[in-house]
Amino acid sequence: MSAPTAPTEDRAPDALGQGTKKSRGHQSRPPAPPLSAIARRRSLTGWAFIVPAAAIIVLVNFWPMIQALFLSLKTGRGTRLHWAEPLWLNYQRLFQDENFRLTLGTTFLYLIIQVPIMLGIAMVLANLLNAPWLRFKGFWRTAIFLPCAVGLVSYSLVFRQIFATDGLANDLLMQFGILDDPVNWLGQTGTARMVIILGLLWRWTGYNMIFFLAALQNIDRSTLEAARVDGAGGFKTFWYVTMPQLKPIILLCAILSTNGTLQMFDESFNLTAGGPGNTTMSVSHYLYNVSFRNSPNFGYAAAISYAILIIVAILAAIQMKVGDKRD
Amino acid sequence: MTKTTLRRIPAYAFLTVAVIFSVFPLYFMAVSATNTSNDVIASKLLPGGHLVDNFKALVDAQPLGSAAYHSSLNAVVTTVLALVLCSLAGYAFEIYHSRAKDVVMGILLLAIMIPFAATMIPLFRLFAQVGLVNSTTAVVLPLIATPFLILLFRQASRTFPHEIIEAARLDGLGEVSIFTRIYLPTMKPTLAAAGVITFLFSWNNFLWPKVILVDNKYQTLPMLLSNMRAGYVTDYGSLMLAVLIVSVPTMVVFLLLQRSFAEGVTGAIK
Amino acid sequence: MKKTRSLGALGAALTLTLALAACGGGDSGSGSDETAGGSGGTGDNTLTVWAWDPAFNIYALQEAEKVYQADHPDFKLDIVETPWDDLQTKLTTLAQSGETDQLPDIFLMQNNAFQKNVINYPDIFADFNDSTVDYSEFPESVVAYSTVDDTNYGVPFDNGTAIGAYRTDVLEQAGYTVDDFTDITWDQFLTLGKDVLAKTGKPLLTGQAGSSDMIMMMLQSAGASLFDDEGKPTITDNKALMSAIDMYGQLVKAGVFVEVNSWDEYINSIVNSATAGVVQGVWISGSIQSAADQSGKWAVTNVPKLDGVDGATNYTANGGSSWAISADGNTELASDFLDATFAGSTDFYDTILPKSGALANWLPAGESDVYNEPQAFFGGQPIYADVLKYAAKVPSNNTGAYYYEGRDAVSVAVTNIMNGADPASALAEAQSTVEFAMG
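Fair warning: this is a prediction, and the values are worked out from it, not measured in the lab. Each chain has its residues counted from 1, following the order in which its sequence is written. Here every chain gets a letter starting at A, and every ligand a number starting at 1, in the order they are written. This being a predicted model, a pLDDT of at least 70 is required before a residue's local features are given, and a value of 80 or more before pairs of side-chain atoms are given or counted; all residues contribute to the totals for chains, interfaces and linings.

Undergrad: Which residues make up the overall build of chain A, and what are the values?
TA: Secondary structure is summarised from DSSP: a helix means a run of H or I of at least four residues, a strand means a run of E of at least two, and numbering begins at the N terminus for each. Within chain A one finds 14 helices and two strands. A sequence separation of at least 24 residues applies to 70% of the contacts in chain A between residues at least 6 apart. With C-beta atoms placed from the backbone, a contact is any residue pair whose C-beta atoms sit within 7 Å.

Below, the structure is given as structure tokens:
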């Protein structure tokens, strides 16, 4: 794991809960004297509680990833793999691979457009749902979250049906006079990408909203009161008082969404099958094709997966840096 | 009064649009389950009378019962084990806090970034070597310990008063008993939140079961869904019914647990 | 209060899923059985098979089992429904991790993927060198799919011979009969198509945008491929390919060929009478016949051929599949079973044809009465016997290990050309994409 993995030790967890230092009583205590027998036993108990989960994470994530690292240094088709010459051949290959460039670019496009819109809408919805005057809160919240309960394969099938040329979307838009002729949604690069983004928004906005809503409900009411007393308007209060307190959760959602988008597979595979002309294909879908559709090249596939890992790590690091600065 | 009401109209309008956007595809899915294949392709928006026919066709053509059984088994086992393992670890990371444990937590968090497609083949080889292909163990193991859930429990534990633990220790309670008898009962909302998230994920998981369950006798519902599109002719009425049937359990779980779910997420984000 | 709610929720969810499990039938209860389910332990007279379509190849297997049981009463098939996509993933995973004993004794393989898998994973396939299968009884082009270095690795099953199927009622409206579409060239087809469009408002063909099905069919009809005999890509300087893409562009531009987005829309255009014809593998007849109201209004003939291309014919194919035998399984029994049924039983093919529309590649089957029976849906034409005659004339084409890379690259090129890109440079780009993938 030589990756420039920035979510370093305790910054990542701390980024989550603001004011964690305050509530974590034992940290403000003076340094502990040499461990007594009891303290040592407790520490061991702690480790014993952690080991089962940690061991499984190592076994099912880190161990295979190390194997994949060795694999990424090999080349050859099928099972006839041998050490690459030079060893970093597959990584060199990445820079010449038009398909990798195309699919990575498309994936970034999804990321840059979809994640901010999603988090923005989720934030607006969460604020509305948190408003004291709002009625039927349970109804709104449930209805907006419900798409998250639908599987990825299922919703891709439904969306494909809706955006068919003779599908519902065209029927409705034409009925309301918004369109004169049916649009070939999935047949053109621009609109096909839009449908994928729309699908991602549909599936995940409610999920993020729930987290924002939870964070809003935890905000110290006295700070809001103080702002009002100082004469700050609704928007100013939100921007200067609420937002800073929401920063950790926004950061978490941004990191998880970035990660999820970069690993996105099902929508590309089931909704558009990568078309037209591979222009909606995600990089994970390309990875799948290299492994299972094309003449299998697992060394190269492993290199692609390391590239994804490194990009996710860099983006997470940037997001945390930006998140820190605004303190 | 009227002025504030007026100001609230855009808010309600926005929410209404959001709800329509959210619910409409679900409505289409439900309505399609009652229509014939050709009506689905023609995007008929009114309920039809073919629900029973679609169900019969579905049950005749697909091992629905077997897939539902395996999906339920996998999801329930995954959820229960994930709750046990991750609550234990999250609790320990906070209550027995130390610098070394922070480092371990940081390392474990890196696992979130590993793309599954990268680990799939080595993981398969690992399970194959110990003879666990086609086993529930192999389906479940990669999902039961996730850094995200551990984090959720750790954050939730921050509000758990340490004084209670000290008091319990003075009363002579063992460390395990403190966890099971004192800590866990106060964590019901967090357990609900973690449970809902795990259940949704496990129920809808596709790629890994598809790979490790070499023998399709053990297939799960999402695998069955993708099977239905494999032939030369697809019956969209029963396909949509299958989509609906696969979606209903997760929706029910969420609807019933949603209050605890929201409380749990709130508690963890504090 | 809260406790009962959570418990109630869990209870409800469990009840629901268990209720589902109970009412569905199927082989529930097998979940506790954690032993590996591959071929190894299934006894001497049982073969495990993977195939994907219950109405088609799985049905065929079940009938083949009955036929073979007549002479081998203890024989049993254990058929596991495994979609193609899934089968390829599993095959790759198992081969890649060396767990080949988990493979079934027999598995079905798409013809286009056959050489790719044999070349990459030679160890998992048993060859048919010692078997009694008579390959001269199958069309040469079909045998070629599962042949690598002159060794046979498969028994052909599903017939992918292309047909030109037309709506006689629409043609009549425009003043034509199906004979006007027999043994013609694509140029003639284009002229006819414009006329039919002008007189009836219907295109002659529809197809999935971004799929190179039509172009690959045109290519094979001239005996051309995307690769030469040594496996090198020949996407540039490929006269047949250029001519096929050019013709495709003209057809689309004239509105004679209407592009749709998905497979569903394609099928829909056929059953909803939005098109006057179909050029596709014969297996499409299943979908055509699903529109019961069109009975008697269809006729089948051969497909148009390319103009000015050497070796052009009116015959081609799309799709189709063959049976492979796992080297780790019970190879002797498996090859004997296939030989006695799929490569040797007229009765068997006679049984499966009417119910599943599974058309044989095995030429002797065409002589039976069942194959020569007039089909009411197709105006009394004995289409199955006709198609088997076409099958024998289909030119072979080279698939090789990089078929999918080639096909995908050409699809991208065609999409770009349709959007106005220069054909020569688009194809040059496709060539370099494939060369890169092979490097």
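Resuming the write-up.
Undergrad: Outline the overall build of chain B, supporting the account with residue identities and numerical values.
TA: The helix and strand tally for chain B stands at 14 helices and zero strands. In sequence order, the secondary structure elements of chain B are arranged as α-α-α-α-α-α-α-α-α-α-α-α-α-α. Every C-beta atom is placed from the backbone, and the number of other C-beta atoms within 10 Å of a residue's own sets its class: buried at 20 or more, exposed at 12 or fewer, partly exposed in between. Looking at the 270 residues of chain B, the share that counts as buried comes to 60%. Restricting the contact set of chain B to residue pairs at least 6 apart, pairs at least 24 apart contribute 80%.

Undergrad: An account of the sheet that holds strand S11 (residues 298–301) of chain C is requested, with residue identities and associated values reported.
TA: The strands that make up a sheet are held in pairs by hydrogen bonds between backbone atoms, and each pair lies either parallel or antiparallel. Residues and elements named next belong to chain C. With respect to topology, three strands assemble into an open sheet ordered S10-S7-S11, the strand pairing being antiparallel. The outermost strands of the open sheet, each flanked by one partner alone, are strand S10 (277–281) and S11. Adjacent strand axes in the sheet meet at a mean angle of 25°, parallel and antiparallel pairs treated alike. Here a strand pair is declared whenever DSSP counts at least two bridges between the two strands. In this sheet, S10 lies alongside strand S7 (residues 162–167) in antiparallel orientation, the contact comprising five bridges. Looking at the pairing, Tyr-166 lines up with Gly-277 of S10. Between the N-to-C directions of two axes lies an angle of 0 to 180 degrees, each axis being a line fitted to C-alpha atoms and, for a helix, fitted only over the stretch in contact.

Undergrad: Summarise the interface of chain B and chain A; cite the residues concerned and give the values.
TA: Counting residues at the interface gives 77 residues for chain B, matched by 81 residues for chain A. Here the element with the most residues in the side of chain B that touches chain A is helix H1 (residues 2–32) of chain B; it accounts for 13 residues.

Undergrad: Lay out the packing of helix H3 (residues 37–71) of chain A against helix H4 (residues 64–95) of chain B with the relevant residues and their values.
TA: Contact geometry of H3 of chain A with H4 of chain B gives a least axis separation of 8 Å together with a crossing angle of 135°. By the angle between their axes, H3 of chain A is oblique relative to H4 of chain B. Considering only the axes of H3 of chain A and H4 of chain B, their crossing is left-handed. For the pair H3 of chain A and H4 of chain B, the contacting residues are Gly-46, Phe-49, Ile-50, Pro-52, Ala-53 and Ala-54 of chain A in the first and Leu-85, Cys-86, Leu-88, Ala-89, Tyr-91, Ala-92 and Phe-93 of chain B in the second. The residue inventory of the contact of H3 of chain A with H4 of chain B, partitioned by class, reads 12 nonpolar, one polar and no charged. Reported orientations rely on four angle classes, namely roughly parallel under 35 degrees, roughly antiparallel over 145, roughly perpendicular from 65 to 115, and oblique for the rest. Two helices that cross are described as forming a left-handed crossing if the nearer one is turned anticlockwise from the farther one by less than a right angle, and a right-handed crossing if clockwise. Here the nonpolar group is Ala, Val, Leu, Ile, Met, Phe, Trp, Tyr, Cys and Pro; Asp, Glu, Lys and Arg are the charged ones; every other residue, Gly included, is treated as polar.

Undergrad: Please set out the interface of chain C and chain A residue by residue, giving values where relevant.
TA: The interface of chain C with chain A comprises 26 residues on the first partner and 25 residues on the second. When residues of the side of chain C that touches chain A are traced back to their parent elements, those giving at least two are helix H3 (84–97), helix H4 (111–120), strand S9 (257–260), helix H10 (263–271), helix H16 (403–418) and helix H17 (423–438) of chain C.

Undergrad: Talk me through the nonpolar core; I want residue IDs and the actual numbers.
TA: Put simply, a nonpolar core is a cluster of buried Ala, Val, Leu, Ile, Met, Phe, Trp, Tyr and Cys residues tied together by C-beta atoms within 7 Å. By size, the foremost hydrophobic cluster in this structure holds 319 residues, and its most contacted members are Phe-212 of chain A together with Cys-86 and Ala-89 of chain B. The element contributing the most residues to this core is helix H14 (residues 236–269) of chain B, with 17 residues. Residue ranges for the domains trace back to a domain assignment, done automatically or taken from a database. Looking at which domains feed residues into this core, each of domain 1 (21–160 + 319–370) and domain 2 (162–316 + 397–437) of chain C gives three or more. The contact partners of Ala-89 of chain B, leaving out residues within four places of it in the chain, are Phe-49, Ile-50, Ala-53 and Ala-54 of chain A together with Ile-150 of chain B.

Undergrad: Now, about the confidence of the model for chain B: what can you tell me, with residues and values included?
TA: Confidence scores per residue from the predictor, reported as pLDDT, run from 0 to 100. In the predicted model, chain B carries a mean pLDDT of 87, and the fraction of residues at 70 or more is 96%. Scored as a complex, the prediction yields pTM 0.85 and ipTM 0.89.

Undergrad: Mind laying out helix H5 (residues 99–109) of chain B, listing which residues take part and the relevant values?
TA: All names here are of chain B. Those residues of H5 not exposed but buried are Lys-101, Met-105, Leu-108 and Leu-109. Taken end-on, H5 shows its buried residues confined to a sector of 100°, consistent with a single buried face. Structural note: H5 exposes Arg-99 and Ala-100 on the side pointing more than 90 degrees away from its buried face. Arc definition: it is the arc formed by the directions from the helix axis to the C-beta atoms.

Undergrad: Pulling in residues and values, what's your account of the sheet that holds strand S3 (residues 106–110) of chain C?
TA: Residue and element names in this part refer to chain C. Across the sheet, five strands lie side by side as S2-S1-S3-S12-S6; this open sheet has mixed pairing. Strand pairing shows two members of the sheet lacking a second neighbour, strand S2 (76–81) and strand S6 (154–158), which therefore form its edges. Across the sheet, the axes of successive neighbouring strands diverge by a mean angle of 30°, strand direction being ignored. Relative to S3, strand S1 (residues 46–51) runs parallel, the two being bridged by two bridges. Bridging from a neighbouring strand, Val-49 pairs with Ile-106 of S3. Contacts from helix H2 (residues 57–69) reach S1, S2, S3 and S6 within the one sheet, and its direction differs from that of S2 by about 175°. Across the face of the sheet, helix H12 (residues 331–340) comes into contact with S1, S3, S6 and strand S12 (321–325) while running at roughly 150° to S12.

Undergrad: Lay out unusual backbone geometry with the relevant residues and their values.
TA: The omega torsion of the bond from Glu-85 of chain A to Pro-86 of chain A falls at 0°, within 30 degrees of zero and hence cis. For Pro-86 of chain A, the position within the fold is in the loop between strand S2 (82–83) and helix H4 (89–96). With a phi close to 55°, Phe-136 of chain A is a non-glycine residue in the positive phi region. Inspection of the secondary structure assignment puts Phe-136 of chain A in the loop between helix H5 (98–130) and helix H6 (137–145). Of note in the backbone geometry, Asn-134 of chain B takes a positive phi value of approximately 70° without being a glycine.

Undergrad: Explain the packing of helix H9 (residues 239–254) of chain C against H16 of chain C residue by residue, including any values.
TA: Residues and elements named next belong to chain C. H16 packs onto H9 with a crossing angle of 45° between their chain directions and a minimal axis gap of 11 Å. In this view, H9 runs oblique relative to H16, as classed from their interaxial angle. Regarding H9 and H16, the two cross each other, and that crossing is right-handed. Residues Ile-245, Tyr-248, Gly-249 and Val-252 of H9 form the contact with H16, whose participating residues are Val-414, Ile-417 and Met-418.

Undergrad: I'd like a description of the environment of Leu-338 of chain C, backed by residues and values.
TA: All names here are of chain C. Its location among the elements puts Leu-338 in helix H12. We classify Leu-338 as buried; it has 25 C-beta atoms within 10 Å. Between the C-alpha atoms of Leu-338 and Ala-324, which are 14 residues apart in sequence, the distance is 9.7 Å. In contact with Leu-338, other than residues within four places in its own chain, are Val-133, Val-155, Trp-323 and Ala-343.

Undergrad: Run through the confidence of the model for chain A, naming residues and quoting values.
TA: Residues and elements named next belong to chain A. Summarising the model, chain A shows a mean pLDDT of 83, and 88% of its residues fall at 70 or more. When pLDDT is averaged over each helix and strand of chain A, the minimum, 37, is found for helix H1 (residues 11–16) and the maximum, 95, for H5. Below a pLDDT of 50 lies the segment residues 1–29, which in the model reaches 54 contacts outside its immediate sequence neighbourhood of four places, other chains included.

Undergrad: Help me get a handle on the environment of Met-251 of chain B, residues and values and all.
TA: With respect to the helices and strands, the residue Met-251 of chain B is situated in helix H14. For the pair Met-251 of chain B and Leu-200 of chain B, spaced 51 residues apart in sequence, the C-alpha separation works out to 8.9 Å. Once residues within four sequence positions are removed from consideration, Met-251 of chain B is found in contact with Leu-146 and Ala-149 of chain A.

Undergrad: Outline the pairing of S3 of chain C, supporting the account with residue identities and numerical values.
TA: Residues and elements named next belong to chain C. For S3, the buried fraction is high: five of the five residues fall into the buried class. The two faces of S3 match: Ile-106, Leu-108 and Gln-110 on one face and Phe-107 and Met-109 on the other face are all buried. Judged from the five bridges that link them, S3 and S12 form a sheet pairing that is antiparallel. Residue pairing for S12: Gln-110 is matched across the bridge by Ser-321.

Undergrad: Which residues make up H3 of chain C, and what are the values?
TA: Residues and elements named next belong to chain C. Look at H3: 20 Å from first C-alpha to last across 14 residues, which is about the 20 Å you get at 1.5 Å a residue. Judged by how many residues are buried, H3 sits mostly within the fold: 11 of 14 residues are covered. Those residues of H3 that fall on the buried side of the exposure criterion are Asp-86, Leu-87, Thr-89, Lys-90, Leu-91, Thr-92, Thr-93, Leu-94, Ala-95, Gln-96 and Ser-97. Here the expected span of a helix is defined as 1.5 Å times the quantity of residues minus one.

Undergrad: Explain the environment of Ala-30 of chain B to me, and be specific about the residues and the numbers.
TA: With respect to the helices, strands and loops of the structure, Ala-30 of chain B is situated in helix H1. Put simply, Ala-30 of chain B and Leu-149 of chain B are 119 residues apart on the chain and 32 Å apart in space, counted from C-alpha to C-alpha.

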